[in-house]
Each structure stands twice: as C-alpha cells, then as structure tokens.
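In case you want the letters, here they are:
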Amino acid sequence: MKKFLSIALFLCILLFFTACGTKPYSFEKSIDEIQSVEIVFAKSSLDFTVIKTLSETEKNVFFEQYQEIGFHRYYIGDPMSIYGDAIKITYQNGDYEMICHYWSEYVEDGRIHFGWKNCNEEEFNKLLNKFLSEDGQGISDSNNEGLTGVSRLTGDGSLSD
C-alpha cells in the first residue's frame, strides 16, 4: 500500500510539473499542409464569421510570431467550446483547427476533437491586432481596450469605432 501511494504521489507531482510549463503551439499536422489562416469570430468551431484571411506573406510572419506565444496544456476540467476571437487554421484536406486564448479544437470531417490548450489572452489578442490593424480593424481585449482610432470587434462579432 505504501508503495502504491508513493507511486501515485510521484505521478501527481510529475503531472503537475509537466502541465505548468509553456510551449509553442503544436499544430495537428505539418505547417506545410496548412492551406489558409483566418482570423474569425466564433460562436463555436462549426459556427463562425471570417474577419480576415491572411495572405501568404502575412501567414509566414504570423507563424513566426505565433510560435513565440507560450501555450499551456491542461488535463483536468470539463471540456469548453470555442467562442469569441479565434484563429482558424485550415489544412489542405479540409480539416481545421480553431484556436482561441482559452481553448483549442481540431475539426475533422465535422467532428470536434478537444485540444486542451490555452495561452495568455493579452498576447493572443495583441498578435491578432497586428494583423487586423492593417485593415483598420482590431480586437478588443477583456477590459475593452484595444487599438485607438480604429474599428475593433465587439462581443457579438460586429465592428465598432
């Protein structure tokens, strides 16, 4: 019994320390297989509005900057759903990933698979704003600040000044 408790405690500590670190986001497939990157307002991974599709040049810059954001992987808790400002990564076969700051999902043939990943909301929105600000759009952060003098997304996905 003592040995069992020691092993269980060791596994809990190991799980705790592996879940605490941040790592760059790991995509479900190779970056070479990515067809498009879109910034969207999502009601779910299956119901969303495309705000902007990134050009090939923007896509390359996006991947460089996106990999600088640290993501946490967590293993405990109820599954959530994508809602709000998100990134949609579409692969050549039509499958795609939806990623927001608090959750990620992989959609394969209309089936949603949970990603259990999250990142810092401010860093995530800052990155999205870099790409939207060129169009005069921006994403608001949680305390309703954002780019000044440009339009930004509101909570319902519409643009406001």
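In what follows, the structure referred to is the one given above.
Definitions and limits used
- Residues numbered from 1 in each chain as written.
- Predicted model: local features only at pLDDT ≥ 70, side-chain atom pairs only at ≥ 80, totals over all residues.
- Heavy atoms only, no water.
- Helix = DSSP H or I, 4+ residues; strand = E, 2+ residues; numbered from the N terminus.
- Buried < 20%, exposed > 50% of the residue type's maximum accessible area, 1.4 Å probe, protein only.
- Pairing = 2+ DSSP bridges.
- Salt bridge = Lys/Arg side-chain N within 4 Å of Asp/Glu carboxyl O.
- Polar contact = N/O pair within 3.5 Å; in protein donor to acceptor, adjacent residues only side chain to side chain.
- Core = buried A, V, L, I, M, F, W, Y, C linked by side-chain atoms within 4.5 Å.

A.B. asks: Can you help me understand the overall build of the protein chain in this one?
C.D. replies: Secondary structure summary: the protein chain contains 3 helices and 10 strands in total. Mapped from its N terminus to its C terminus, the protein chain presents α and β elements in the order α-β-β-α-β-β-β-β-β-β-α-β-β. Per-residue burial over the protein chain gives 39% buried out of 161 residues.

A.B. asks: Before we go on, may I ask you to explain the pairing of strand S1 (residues 34-42) in this structure?
C.D. replies: Within a regular strand, side chains alternate between the sheet's two faces. With 8 of its 9 residues buried, S1 lies for the most part within the structure. Direction of pairing for S1 relative to strand S4 (residues 84-91): antiparallel, over a ladder of 8 bridges. Within the sheet, the bridge partner assigned to Phe41 lies in S4 and is Asp85. Pairing between S1 and strand S2 (residues 48-53): 5 bridges, direction antiparallel.

A.B. asks: Can you walk me through the pattern of salt bridges in this structure?
C.D. replies: Two side chains carrying opposite charge are able to pair once their charged atoms lie near each other. The final tally for this structure, using the stated rule, is 5 salt bridges. The closest approach of N and O atoms between Glu58 and Lys52, which form a salt bridge, is 2.7 Å. In this structure Lys52 comes out as buried when scored by relative accessible area, which is 8%.

A.B. asks: How do you make sense of the pairing of strand S7 (residues 111-114) when you look at a structure like this?
C.D. replies: Bridging between strand S6 (residues 103-108) and S7 involves 4 bridges; their strand directions are antiparallel. Each residue of the ladder has a partner; that of Val107, found in S7, is Ile112. Adjacent in sequence and paired antiparallel, S6 and S7 are bridged by 2 residues, among which Asp109 carries a positive phi angle near 55°.

A.B. asks: Explanation requested: the side chain of Glu58 in the structure shown.
C.D. replies: When you line up the elements, Glu58 lands in helix H2 (residues 56-66). A polar atom in the side chain of Glu58 sits 2.7 Å from the side chain of Lys52.

A.B. asks: What exactly am I supposed to notice about the side chain of Lys88 here?
C.D. replies: Relative to the assigned elements, Lys88 resides in strand S4. Residue Lys88 is classed as buried on the basis of its relative accessible area, which comes to 11%. A distance of 3.5 Å separates polar atoms of two side chains, one belonging to Lys88 and the other to Thr90.

A.B. asks: Looking at this structure, how should I read the nonpolar core?
C.D. replies: Taken as a class, soluble globular proteins show a tendency for nonpolar side chains to be buried jointly. With 24 residues, the main nonpolar core has Val37, Phe62, Tyr66, Ile87 and Ile89 as its most contacted residues. Sorting the residues of this core by element identifies S1, H2, S4 and helix H3 (121-132) as the ones contributing at least two each. Per element, the largest residue contribution to this core is 5 residues, and it comes from H3. Ranked by size, the runner-up nonpolar core spans 11 residues in total, among them Val40, Ala42, Ile82 and Trp103.

A.B. asks: Any chance you could explain unusual backbone geometry here in plain terms?
C.D. replies: One can expect most non-glycine residues to show negative phi and most peptide bonds to be in trans. Despite not being glycine, Asp109 shows a phi value in the positive range, around 55°. Here Asp109 is to be found in the loop between S6 and S7. We note that Trp116 has phi near 55°; this positive angle belongs to a residue other than glycine. Counting through the fold element by element, Trp116 comes out in the loop between S7 and strand S8 (117-119). The exposure class of Trp116 is buried, given its relative accessible area of 19%.

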